[in-house]
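A look at the structure
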Amino acid sequence: MDNCIFCKIAAGEIPSSTVYEDQDFRVILDLNQGMKGHMLILPKEHYANVFEIPDPALGKAMILAKRLARAAKVGFEKAGEPLDGVNILQNNGEAAGQTVMHYHLHVLPRIKGDDSFPVWQEKSVSAEEMTKICENIKGGLEA
Ligand code: 5GP
Ligand code: ZN
């Protein structure tokens, strides 16, 4: 993709703080270090989102996320700055908060009490509504 910033970063055409690279992925620090060690796992191939990325690449990305989460846990611990948790997350589409339309996984080191994570509104619905929601999703599974 000619105009994709993450394609250019993944290819090394734009410099980045790279923590890991192999033939399929580059892992960089997010420009926004609201959480120290916030990383982005970028496939070198362009896929817009989770719907486009093939399953084998998706699986590799998640395995890599586990590896990097562990590296952050061990590395910060060694540096005397232990982590309390890690989020691994991924946004698809503008409504879901995706701002760069090149598939990427966020690895987010967490410290107890930090306030940097988006939260959703808690809202309970009726048992009937729960059943209907289940049915809608199950219908999609079969499609
Ligand atoms: P999204 O909101 O699409 O899930 O995440 C995009 C992320 O990419 C944001 O957290 C943003 O800070 C980060 N980002 C956007 N442009 C750049 C860039 O040029 N370099 C780096 N390292 N991060 C970027
Ligand atoms: Zn791209």
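Here we summarise the structure given alongside this text. (Residues numbered from 1 in each chain as written. Chains lettered and ligands numbered in written order. Predicted model: local features only at pLDDT ≥ 70, side-chain atom pairs only at ≥ 80, totals over all residues. Heavy atoms only, no water.)

**A short note on the side chain of His102**
The condition that has to hold: Only DSSP runs of H or I reaching four residues or more are called helices, and only runs of E reaching two or more are called strands; each is numbered from the N terminus. Throughout, exposure labels follow a simple rule: accessible area from a 1.4 Å probe, protein chains only, divided by the maximum for the residue type, with under 20% read as buried, over 50% as exposed, and the rest as partly exposed. Each polar contact in these results corresponds to two N or O atoms within 3.5 Å; when the atoms are within protein, one needs to be able to donate a hydrogen and the other to accept it, and residues that are neighboring in sequence are counted only if both atoms are side-chain atoms. In what follows, a contact means two residues having at least one pair of non-hydrogen atoms within 4.5 Å.
Among the structural elements, His102 can be located in the loop between β4 (85–89) and β5 (105–110). The class of His102 is buried, set by a relative accessible area of 0%. Of note is the side chain of His102, whose polar atom sits 2.9 Å from the backbone oxygen of Pro43. At a separation of 3.3 Å, a polar atom in the side chain of His102 contacts the side chain of His46. Apart from residues no more than four positions distant in its own chain, His102 is found in contact with Cys4, Phe6, Cys7, Pro43, Glu45, His46, Tyr47 and Ala48.

**Remarks on helix α2 (residues 55–78)**
Stated formally: Under the convention used throughout, the expected extent of a helix is 1.5 Å for every residue step, that is, one less than its residue count.
Along its 24 residues, α2 runs 34 Å from first to last C-alpha, staying within 8% of the 34 Å computed at 1.5 Å per residue. Along α2, the residues that are buried comprise Ala57, Ala61, Leu64, Ala65, Leu68, Ala69, Ala72 and Phe76. The inward-facing, buried residues of α2 contact β1 (18–21), β2 (25–29), β3 (39–43), β4 and β5. Backbone geometry just downstream of α2 places Gly80 in the positive-phi region, at approximately 80 degrees.

**Looking at the coordination of the zinc ion (ligand 2)**
Rule in force here: Atoms of type N, O and S within 2.8 Å of a metal are treated as its donors, and for Na, K and Ca the window is 3.2 Å; water is not considered, so some sites may appear to be missing partners. Every angle between 85 and 135 degrees makes a four-donor site tetrahedral, while opposite donors more than 155 degrees apart, with all other angles between 65 and 115, make a four-donor site square planar and a six-donor site octahedral; other sites are irregular.
Coordination of the zinc ion (ligand 2) by the protein involves Cys4 (SG), Cys7 (SG), His46 (ND1) and His102 (ND1), with metal-donor separations of 2.0 to 2.3 Å. The site at the zinc ion (ligand 2) holds 4 donor atoms, and with the angles between them running 105 to 116 degrees, its shape is tetrahedral. All donors to the zinc ion (ligand 2) come from one chain, and their sequence spacing reads C-x2-C-x38-H-x55-H. Separated by 95 residues along the polypeptide, Cys7 in helix α1 (residues 5–10) and His102 in the loop between β4 and β5 bring together distant segments of the chain.

All quantities given are derived from atomic positions and should not be read as evidence of function.
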